[in-house]
Amino acid sequence: MQRRTFLQLVGAGSAALAARPLFAATQKAPADQFFIFVHASGGWDVTLWADPRNEKKGLVDPASTENTDLAPLSHWKSTKLEGDVETFTILEAGALRFGPGIGDLIDLHDRLTVVNGLAMNTVSHPDGTAFSCTGRHLAGGRSPASSIDVAITNELGTAQLLPDVAIGFPSAYIGDHLDRRAIPLRIANAGVMAKSLARSDAYLKDDDRAAITALLAEESHDLAGRSVFPETFERLASQEESLPHLLGNELKAAFTPQALQAAYPQFDYKVKNIGGGILGAAFAVEAMKRNLIRTIGFSLGGLDTHNQNYKQQAHTQQELFGTISTLVKLLDATPHPTRNGHKLADSTHILVFSDFCRTPQINLSGGRDHYPNNSVLVISPRFVSGKTFGKTDFEQVLPADAGLNFSDGARPIAPPDLLATFLSAFAIEPRKYLRDGEVVKAMLR
Amino acid sequence: MKLAALVVLVGCGAGAITPSQTTALPAHQTRMIDTTPKERRRMVSPEVYLRAYLTWFGGLVPLDVQNRARPKGLFDAWDDYLSALGLPDYKTDLPRQTQSNTLMLATLGRLGEALCARAAEHDLHGGKTPLDQRVVFAFDLDGADSDETFMDRFDVLHRTFLGYPAKLAPGERVTKFHALWTDVAARHAKAKNPLTADETAWVAVCTALVQHPEAELY
């Protein structure tokens, strides 16, 4: 081989390597996956579930018979704390350790991925919520980046009729580079969907409405053709075009609260503490079964326990994780709409997060306040399950070195790392959506 | 003496003053005014849109609208739609929505249809409401239907909802709306309906105009 030919070959090879993105997609992004994001709003006490503490050490005042209402708890096993006061026994489930708040979800422990010691750097509800689902802190009260559900919808879900539904979920659609169909449908509760779609047949009929929306879509296209900035008109046109599918009678009837409760009696809709968000879980299963959505986010609340209401924190968590457990079992039993022989659970990825966690010490009002640490739960066939990642120090419950060899040195996991890992699991380039964050390959299968 | 004074006066009289010739000022640099839009159109904020709705339909307060629109399942309660309309919902900590979505259009459509149907009942049905007391349909349905009569009536609605005469609208808007009117009227010719076929067709035209992109964007 001549020297010149050799140098040309080496040069071409180097150029090809240099052009390869750092997070090169290793496999084609799947188009038949579903994503559920659950916001446990208010800030949960991680010492009651993912990062259990049952000893008085350092700042830690563990949950005890003095500060917790034990009556409704199904997984509290008492052990002596001091004097007559008792605390809980830590529940061992494979490699995972839980407090009593985990409730029935402990039965599915081999499918759970737990991330502890997330560095939140905030104790503000809106900021913690935004940081958890966008990887960025708020700027001037607004989210500077899109949330994880929007990013995934933009990559994998724009062809769906309802690509991204956010039921009380803090979705954010930011930037001009995203597909307009990824704009989340934000509603306060699942019942609103049916009410917005409901139409009286007393005057106009569905045929008339179809003619009206067709006319409006045509007008939007026409105005887009004459406009210097056609994007807004084009967006309206695409939304008008999808409206007749939504206004079909079958869909309206399926999404009423009564229909959802009748179809999924497995959920306990009468639970006291986590609010009406459970209907969102039923909506998620129904919408996935009909292949209408790609991502759905909903909120389950009641965790902001600053005062004596801390007595219910463990019970609230039990209701929260009980709902997640029921949801997973329903997904196990429901056929996938497009993959023969598969169940929804095979292709559904769930991320459960909260604003932040609560202080290790009990305050003078008998509650726990905001604390800049957090835990996250992932249930996904793409993640290594039955394992905990990240950790906190024992005495202060603050984020500690996760031992994951991050490129910027020893540090805890932060929300951007988790979001980057989540996107990477589906061959989505994280840098397209996240300014920060490093993929934790150890979490992925 | 008098004669001498007269001669002196005539001799000293001022000559007639004539204006100088006018000439055009020398040309300066010409600068064109750039009237192209610098920003893309945006949705009007939900408050503005709702205020416009309430004004168009007779200056009602929201509770009156709710009461008027509710019968026959046309509407529910404002509380049910706050988030879907894009308004912030402080009860559930939902911020204001900055982009339209399909559900928002569906909700605006539901509201528009309800108010148009109620307005048609008040203004058109029975033909007893004097023109100056009508809230939206300020025209009579008497006489034969023709392109001209449609144009005149459509112009009333076009000016109400979009703010300018229909003949200035771009494209074939009048033709398209006339086709919608004809289509709906034909479909309801034999249907049992609280309104006549013509009145129902005007409800359809009103419902389309109230959701028109030019009404929703600025």
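Think of each chain on its own: its residues are numbered from 1, step by step along the sequence as written. Lettering of chains starts at A and numbering of ligands starts at 1, both following the order in which they are written. This being a predicted model, a pLDDT of at least 70 is required before a residue's local features are given, and a value of 80 or more before pairs of side-chain atoms are given or counted; all residues contribute to the totals for chains, interfaces and linings.

Asks: Please explain the overall build of chain B as it appears in this structure.
Replies: A tally of regular secondary structure across chain B gives nine helices and zero strands. To qualify as a helix, a DSSP run of H or I must reach at least 4 residues; to qualify as a strand, a run of E must reach at least 2; elements of each kind are numbered from the N terminus. The order of helices and strands in chain B, counted from the N terminus, is α-α-α-α-α-α-α-α-α. Here chain B has a C-alpha radius of gyration of 30 Å; the compact-globule value for 218 residues is 17 Å, and the former is much larger. Principal-axis analysis of the C-alpha atoms gives chain B an extent of 110 × 50 × 35 Å. Think of it this way: build a C-beta for each residue from its backbone, and any pair within 7 Å is a contact. Restricting to contacts in chain B with at least 6 residues of sequence separation, those with at least 24 account for 55%. We compute the radius of gyration over the C-alpha atoms and compare it with the globule rule, which gives 2.2 Å times the number of residues raised to the power 0.38.

Asks: Explanation requested: the overall build of chain A in the structure shown.
Replies: Each helix and strand in chain A was counted, giving 11 helices and 16 strands. A compact globule built from 445 residues would reach a C-alpha radius of gyration of about 22 Å, and chain A, at 24 Å, matches this within 12%. By principal-axis analysis of the C-alpha atoms, chain A measures approximately 85 × 80 × 50 Å. Labels follow a simple rule on C-beta atoms placed from the backbone: if 20 or more others lie within 10 Å of a residue's own, it is buried; if 12 or fewer, it is exposed; otherwise it is partly exposed. Expressed as a percentage of its 445 residues, the buried residues of chain A come to 51%. A fraction of 66% describes how many contacts in chain A between residues 6 or more apart in sequence connect residues 24 or more apart.

Asks: Help me understand the environment of V174 of chain B in this model?
Replies: All names here are of chain B. Position of V174 relative to the elements: it lies in helix α7 (residues 173–187). A residue is classified by how many C-beta atoms lie within 10 Å of it, and V174, with 17 of them, is partly exposed. Distance in space between the C-alpha atoms of V174 and G127 is 25 Å, their sequence separation being 47 residues. Among residues more than four places away in sequence, those in contact with V174 are M151, F154, A166 and A169.

Asks: For this particular structure, what's the right way to read the pairing of strand β13 (residues 376–379) of chain A?
Replies: When a strand is regular, its side chains alternate between the sheet's two faces. Residues and elements named next belong to chain A. Alternating positions in β13 separate into two faces, V376 and V378 on one and L377 and I379 on the other, with burial throughout. In the sheet, strand β6 (residues 113–115) pairs with β13 via three bridges, with the strands oriented antiparallel. Residue V114 lies in a different strand from β13, and its bridge partner there is L377. A pair of strands is considered paired only if DSSP assigns at least 2 bridges between the two. Sheet topology places strand β10 (residues 348–354) next to β13; three bridges connect them, and they run antiparallel. Bridge pairing links I350 to I379 in β13.

Asks: Explain the interface of chain B and chain A here, please?
Replies: Note on interface size: it is often stated as the accessible area lost on association of the parts. With 48 residues of chain B at the interface, the matching set in chain A holds 42 residues. Put simply, the parts of the chain that give the side of chain B that touches chain A at least two residues each are α4 (78–81), α5 (102–123), α7 and α8 (197–210) of chain B. Among the elements that line the side of chain B that touches chain A, the one with the most residues is α5 of chain B, at eight residues. Lys, Arg, Asp and Glu make up the charged group, whereas Ala, Val, Leu, Ile, Met, Phe, Trp, Tyr, Cys and Pro make up the nonpolar group; the residues left over, Gly among them, are polar. Taken together, the residues that form the side of chain B that touches chain A break down as 20 nonpolar, 16 polar and 12 charged.

Asks: Explain α7 of chain B to me, please; I cannot follow it from the model alone.
Replies: Because an α-helix completes one turn every 3.6 residues, residues spaced three or four positions apart along the sequence face the same direction. What a helix should span is 1.5 Å times the count of its residues minus one. The terminal C-alpha atoms of α7 of chain B, which comprises 15 residues, lie 21 Å apart, in line with the 21 Å expected from a rise of 1.5 Å per residue. Every buried residue belonging to α7 of chain B is among R173, F177, L180, W181 and V184 of chain B, and all of these are buried. With its buried residues spanning 100 degrees around the axis, α7 of chain B presents them on a single face. Away from the buried face of α7 of chain B by more than 90 degrees, exposed residues T175 and A186 of chain B are located. Buried residues in α7 of chain B make contact with α5 (206–226) of chain A together with α6 (147–162) and α8 of chain B. As used here, the arc belongs to the directions running from the helix axis to the C-beta atoms.

Asks: Even after reading the chapter, I still don't get the sheet that holds strand β9 (residues 293–300) of chain A, so can you show me in this structure?
Replies: Think of a sheet as strands paired side by side through backbone hydrogen bonds, with each pair either parallel or antiparallel. Residues and elements named next belong to chain A. Strand order in this open sheet of eight strands is β8-β7-β9-β1-β10-β13-β6-β14, and the pairing throughout is mixed. Two strands in the sheet have a free side with no partner beyond their single neighbour: β8 (185–187) and β14 (387–389). Along the sheet, successive strands turn relative to each other by an average axial angle of 15 degrees, direction set aside. Axis definition: a line fit to C-alpha positions, over the contact stretch in the case of helices; interaxial angles, taken between N-to-C directions, run 0 to 180 degrees.

Asks: I'm lost on the nonpolar core in this one. Help?
Replies: The tendency in soluble globular proteins is for nonpolar side chains to be buried side by side. Structurally, a nonpolar core is described as a collection of buried Ala, Val, Leu, Ile, Met, Phe, Trp, Tyr and Cys residues joined by way of C-beta atoms within 7 Å. L180, V203, A204, V205 and C206 of chain B are the most contacted members of the largest nonpolar core, which has 161 residues in total. In terms of residue count, α5 of chain B provides more of this core than any other element does, 12 residues in total. Here the limits of each domain have been adopted from an automatic or database domain assignment. When we break this core down by domain, the ones giving at least three residues each are domain 1 (23–194 + 254–443) and domain 2 (200–246) of chain A. The residues contacting V205 of chain B, other than those within four sequence positions of it, are F154, L157, F177, L180 and W181 of chain B.

Asks: Just to check I follow, could you spell out the confidence of the model for chain B for this structure?
Replies: Low pLDDT means the predicted atomic positions in that stretch should not be read closely. The predictor attaches a confidence to each residue, and that confidence, scored 0 to 100, is pLDDT. Averaged over every residue, the pLDDT of chain B is 84; residues scoring 70 or more account for 92%. Among the scores for the predicted complex, ipTM is 0.82 and pTM is 0.79.

Asks: What exactly am I supposed to notice about the packing of α5 of chain A against helix α6 (residues 231–246) of chain A here?
Replies: Packed helices, taken two at a time, are described by the angle between their axes plus the distance between the axes. Residues and elements named next belong to chain A. Interhelical geometry of α5 versus α6 gives an angle of 165 degrees and a closest axis separation of 8 Å. Taken together, the axes of α5 and α6 are roughly antiparallel relative to one another. The two elements α5 and α6 meet at a crossing, and its hand is left-handed. Only F233, E234, L236, A237, E240, E241, L243 and P244 of α6 make contact with α5, whose side of the interface consists of A210, T213, L216, A217, S220, H221, L223 and A224. Angles are sorted into four bins: roughly parallel if under 35 degrees, roughly antiparallel if over 145, roughly perpendicular if 65 to 115, and oblique for all others. A crossing counts as left-handed when the near helix is turned anticlockwise from the far one by less than a right angle, and as right-handed when that turn is clockwise.

Asks: Even after reading the chapter, I still don't get unusual backbone geometry, so can you show me in this structure?
Replies: If a residue is not glycine, its phi is most likely negative; likewise, a peptide bond is most likely trans. Its identity is not glycine, yet N121 of chain A carries a phi of approximately 55 degrees, on the positive side. Tracing the chain through its elements places N121 of chain A in the loop between β6 and α2 (125–134).

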